[in-house]
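Tertiary structure, described
These are the residues of each chain, in order.
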Amino acid sequence: IILGILLIIVGISLYVNYGIVNKVYNMNYWFNAYDLSFSINDAYLTNKDKNNQVISNNYQFLVVNFAVKNNVNGRVQVASQGLRLNINDKYLYPISTYSSYFEDLGINYTNQIIDKDAQKDFIVIFRLDNDIKIDKAYLEVLESKNNKTNKYRKVRLDISKEVNLNNNYSLLEEITLN
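Here goes a summary of the coordinates provided. Fair warning: this is a prediction, and the values are worked out from it, not measured in the lab. (Residues numbered from 1 in each chain as written. Predicted model: local features only at pLDDT ≥ 70, side-chain atom pairs only at ≥ 80, totals over all residues. Heavy atoms only, no water.)

1. Some points on a nonpolar patch on the surface
A cluster of nonpolar residues, Ile1, Ile5 and Ile9, forms a patch on the protein surface that exposes about 360 Å² of accessible area. If you trace the backbone, isoleucine 5 turns up in helix α1 (residues 2-21). (Patch = residues over 30% accessible without salt bridge, like charges linked within 9 Å, V, L, I, M, F, W, Y side chains within 5 Å. Areas by Shrake-Rupley, 256 points an atom, 1.4 Å probe, with all protein chains shown as cover. Salt bridge = Lys/Arg side-chain N within 4 Å of Asp/Glu carboxyl O. Helix = DSSP H or I, 4+ residues; strand = E, 2+ residues; numbered from the N terminus.)

2. As for the environment of leucine 85
In this structure, leucine 85 sits in strand β6 (residues 83-87). Residue leucine 85 is classed as buried on the basis of its relative accessible area, which comes to 0%. In the structure, leucine 85 is positioned 55 residues away from glutamate 140 in sequence and 6.1 Å away in space, judged by C-alpha atoms. Discounting residues that sit within four places of it in the chain, leucine 85 has contacts with Leu62, Lys90, Tyr91, Leu92, Phe126, Leu128, Tyr138 and Leu157. (Buried < 20%, exposed > 50% of the residue type's maximum accessible area, 1.4 Å probe, protein only. Contact = heavy atoms within 4.5 Å.)

3. A look at the sheet that holds strand β10 (residues 137-145)
Overall, mixed pairing links the five strands, which are arranged β1-β11-β10-β6-β7 in an open sheet. The open sheet terminates on both sides in strands that have one partner only, identified here as β1 (24-25) and β7 (90-92). Here β10 runs beside strand β11 (residues 150-156); their pairing, made up of seven bridges, is antiparallel. Bridge pairing in β11 links leucine 139 to valine 155. (Pairing = 2+ DSSP bridges.)

4. Looking at the nonpolar core
Counting 31 residues, the largest nonpolar core has Phe38, Ile40, Leu62, Val64, Phe66, Tyr109 and Leu157 as its most contacted members. Looking at which element gives the most residues to this core, the answer is strand β3 (residues 36-46), with five residues. Those residues within four positions of leucine 62 in sequence are excluded, and the remaining contacts are Ala43, Tyr44, Leu45, Leu85, Val124, Ile125, Phe126, Leu128, Leu157 and Ile159. With nine residues, the next largest nonpolar core counts Tyr44, Ile55, Tyr98 and Phe102 among its residues. (Core = buried A, V, L, I, M, F, W, Y, C linked by side-chain atoms within 4.5 Å.)

5. Quick notes on the packing of aromatic side chains
Going through the model one piece at a time under the given rule, you end up with eleven aromatic pairs. A centroid spacing of 5.8 Å and a plane angle of 20° characterise the contact between phenylalanine 31 and phenylalanine 38, whose relative ring orientation is stacked. Like phenylalanine 38, phenylalanine 31 is buried. Three or more aromatic residues joined by ring pairs make a cluster, and in this case those are Tyr25, Tyr29, Phe31, Phe38, Phe66, Tyr109 and Phe122. When the ring centre of tyrosine 91 is taken as origin, the NZ or CZ atom of arginine 84, which lies over that ring, is 3.9 Å away. Sitting over the ring of tyrosine 152, arginine 84 keeps its end group 3.7 Å from the ring centre. (Phe/Tyr/Trp six-rings, centres within 6.5 Å; stacked < 30°, edge-to-face > 60°. Lys NZ or Arg CZ within 6 Å of the ring centre and 35° of its normal.)

6. Re the side chain of asparagine 65
When you line up the elements, asparagine 65 lands in strand β4 (residues 59-70). With relative accessibility at 11%, the residue asparagine 65 sits in the buried group. Separated by 3.4 Å, the side chain of asparagine 65 and the backbone oxygen of leucine 105 make a polar contact. Beyond its immediate sequence surroundings of up to four residues, asparagine 65 is in contact with Ile40, Asn41, Asp42, Tyr44, Leu105, Phe122 and Ile123. (Polar contact = N/O pair within 3.5 Å; in protein donor to acceptor, adjacent residues only side chain to side chain.)

Here it is as structure tokens:
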């Protein structure tokens, strides 16, 4: 009986810890962080710009496309400080200096304003060394912070290895990226 009770307690603890508190989300799943809801749509790894020109021979760029909903009674200004990339348990933080190279993929998340009850799509850009091997990658979104620790929501990224952007499309035309 004691062993059974102990197993139930351990089982419940594991479920709460990994299924609720430290849950890892998949892409295209909505979750809340602060007063916003997020859904990570796509992740692209490339070293080329919208004209298929090489941006850098030393770096590649991970561009993450995501949707954000404002859940508060007012406008919200957002910043990329609450986002980080976890690759193989090492953290990288967004950069905005390369935003102009990826304008065709979306609007950079930093310093954007989202109106009450609105939903907008954004991108965030991370610069990676060319020689990095990606075994596992997660976008982490700051959910809450206090004096001692920050709590992040973690989303497993399925990364498209290359984006071919050398074709011209009209603004409202739907395209498929392979």
